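Inside the fold
Here is what each chain is made of, one letter per residue.
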Amino acid sequence: MKKRTMKKLMRVAALLLAVCLLAGCSLIEIDESKIIVAKVGEKTITKTEFDESLKNYLALYGYTPESSDIQEQLPEMKTSYLEAMVDNLVIDIKAEEMGFVATQEEIDAAYQEAQDWYDEQFASLVEIYEADETIEDPEQHATEIIENHMTTYGYASLDAMAEETIAAIPGNKLYEDVVKDITVTEEEIQAEFDANVASDEETYAEDLATFVQDYNGGMTLYWRPEGLFFVKHILVALTEEQQDEISTLRAEGSDEEADSYREEALASLDAKVAEIQEKINAGEDFQTLIDEYGEDPGMQEGATAYEDGYLVYVGSEGLYMDEFARACDNLTKEGDISEPVATDYGYHIIRRCADLPSGAIELSEVHDLLNAKLLSSKQSEAYDEALQSWKEEMTIELFESRL
């Protein structure tokens, strides 16, 4: 009888254990620092190391592993990040094999760089907080802000920042060793240039609007369509309140009311516009008048974004206010100046400036840029090939299921 009871108790205990395991009960406290998620030869990456590194990486973009809006992508993200950590471990192993280490001078420089960064941030923040009467202790507040920033990005101290820089030095030396003999030929630069010219011509020949948008966006453009020219204007602006009221009325579909309101508001600018016209007729320099009267910051002397003016073409409505664009259409040669043009922003007096030369740009304008671009591409390709060969030499195991 006693044996049957004991057997029954053992079966019940086994059943309870099975149920508990199925339900996700934790009878054993797992030490994640002992869980290996990847091996490269004798080197390992533990789950603790992986989780901490991933957390710091996600923090750079304002996320945590628990962020709801990345949960769908998180499994794939974890796998990719583990592969990247393996690559870094391979690089560390290879750099060690080849004897690349950080020198004492480089180590000292890394610590100094971290301290310089801290001092610069601290001084800047103290200056800001001293101007804020609501902050009682600007230095303490600055210290807290910097420390919170460091914590967010996974740095427990300035030393930790420096040590991350130091840890990367051998790998950087390995990279430099791999790419040290890579060069770019003039033939390669010419071929890249010719390909870019052909591509831009195909893209922009029938699409001037996109060209203007890309030009204004600061893109390097290798070919330019015909018919583009620059204009500058003196803007005598309505007040922000008046502009907002006009915009609101138009958004509500009340264009007639907006036009009536605009006409009344523009009347207050007539005297100033007449004064400007008088000076233009007297031959005063247009840029000087822009600086004196103009209220468009993009036209002021030193406004590098539009140093040459706004790029337009005949029929550029849609890129600019229709009235402004149509006025530009009527400026047929360099130096032509429009009558005052009314828009929802105020009055514009527009001057046609230089044409944008059409066709391919000169290779000399982009030679150094192309050389740097091609060199970087060839170096990256060579390094990727070297990394792949190192990985093939090593025994690598990934345990994605443990992530």
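Structure's up top.
Notes on the overall build of the protein
The helix and strand inventory of the protein stands at 14 helices and nine strands. Compactness check: the protein gives a C-alpha radius of gyration of 33 Å against a globular reference of 22 Å for 403 residues, more than 25% above the reference. Its C-alpha atoms give the protein principal-axis dimensions of roughly 115 × 60 × 50 Å. The buried share of the protein, reckoned over its 403 residues, is 34%. Looking at the protein alone, contacts between residues at least 24 apart form 66% of all its contacts between residues at least 6 apart. Roughly 25,100 Å² of accessible area belongs to the protein as shown, and the carbon and sulfur atoms make up 49% of that amount. Averaging the coordinates of the 29 positive side-chain charges in the protein and doing the same for the 92 negative ones gives two points 19 Å apart.

Considering the sheet that holds strand β9 (residues 396-398)
Judged by pairing direction, the sheet is antiparallel, and its three strands sit side by side in the order β2-β1-β9 without closing on themselves. Each edge of the open sheet is held by one strand with a lone partner, namely β2 (43-46) and β9. Sheet twist, expressed as the mean angle between neighbouring strand axes with direction ignored, is 15 degrees. Of the strands in this sheet, β1 (36-40) and β2 touch helix α2 (residues 47-59), which is tilted by about 60 degrees from β2.

Observations regarding a nonpolar patch on the surface
Judged by side-chain polarity, Tyr 57, Leu 60, Tyr 61 and Tyr 63 come together as a nonpolar surface patch covering roughly 410 Å² of accessible area. The residue Tyr 57 is located in helix α2 in this model. For Tyr 57, a relative accessible area of 33% puts it in the partly exposed group.

Here's the deal with the sheet that holds strand β5 (residues 310-313)
Judged by pairing direction, the sheet is antiparallel, and its four strands sit side by side in the order β5-β4-β7-β6 without closing on themselves. Strands at the two margins of the open sheet, each flanked by one partner only, are β5 and β6 (341-343). Within this sheet the neighbouring strands show an average axis-to-axis angle of 50 degrees, counted without direction. Of the strand pairs in this sheet, β6 and strand β7 (residues 346-355) are connected by three bridges, and their pairing is antiparallel. Bridged to Thr 343 within β7 is Gly 346. This element, helix α8 (residues 208-216), spans β4 (228-237) and β5 of the sheet and lies at about 175 degrees to β5. Helix-sheet contacts for helix α13 (residues 322-329) involve β4, β5, β6 and β7, and the interaxial angle to β6 is about 160 degrees.

Rules used throughout
Residues numbered from 1 in each chain as written. Predicted model: local features only at pLDDT ≥ 70, side-chain atom pairs only at ≥ 80, totals over all residues. Heavy atoms only, no water. Helix = DSSP H or I, 4+ residues; strand = E, 2+ residues; numbered from the N terminus. Rg over C-alpha atoms; globule rule 2.2 N^0.38 Å. Buried < 20%, exposed > 50% of the residue type's maximum accessible area, 1.4 Å probe, protein only. Contact = heavy atoms within 4.5 Å. Areas by Shrake-Rupley, 256 points an atom, 1.4 Å probe, with all protein chains shown as cover. Lys, Arg positive; Asp, Glu negative; His and termini not counted. Charge placed at Lys NZ, Arg CZ, Asp CG, Glu CD. Pairing = 2+ DSSP bridges. Axes fitted to C-alpha atoms, helices over the stretch in contact; angles between N-to-C directions. Patch = residues over 30% accessible without salt bridge, like charges linked within 9 Å, V, L, I, M, F, W, Y side chains within 5 Å. Salt bridge = Lys/Arg side-chain N within 4 Å of Asp/Glu carboxyl O.

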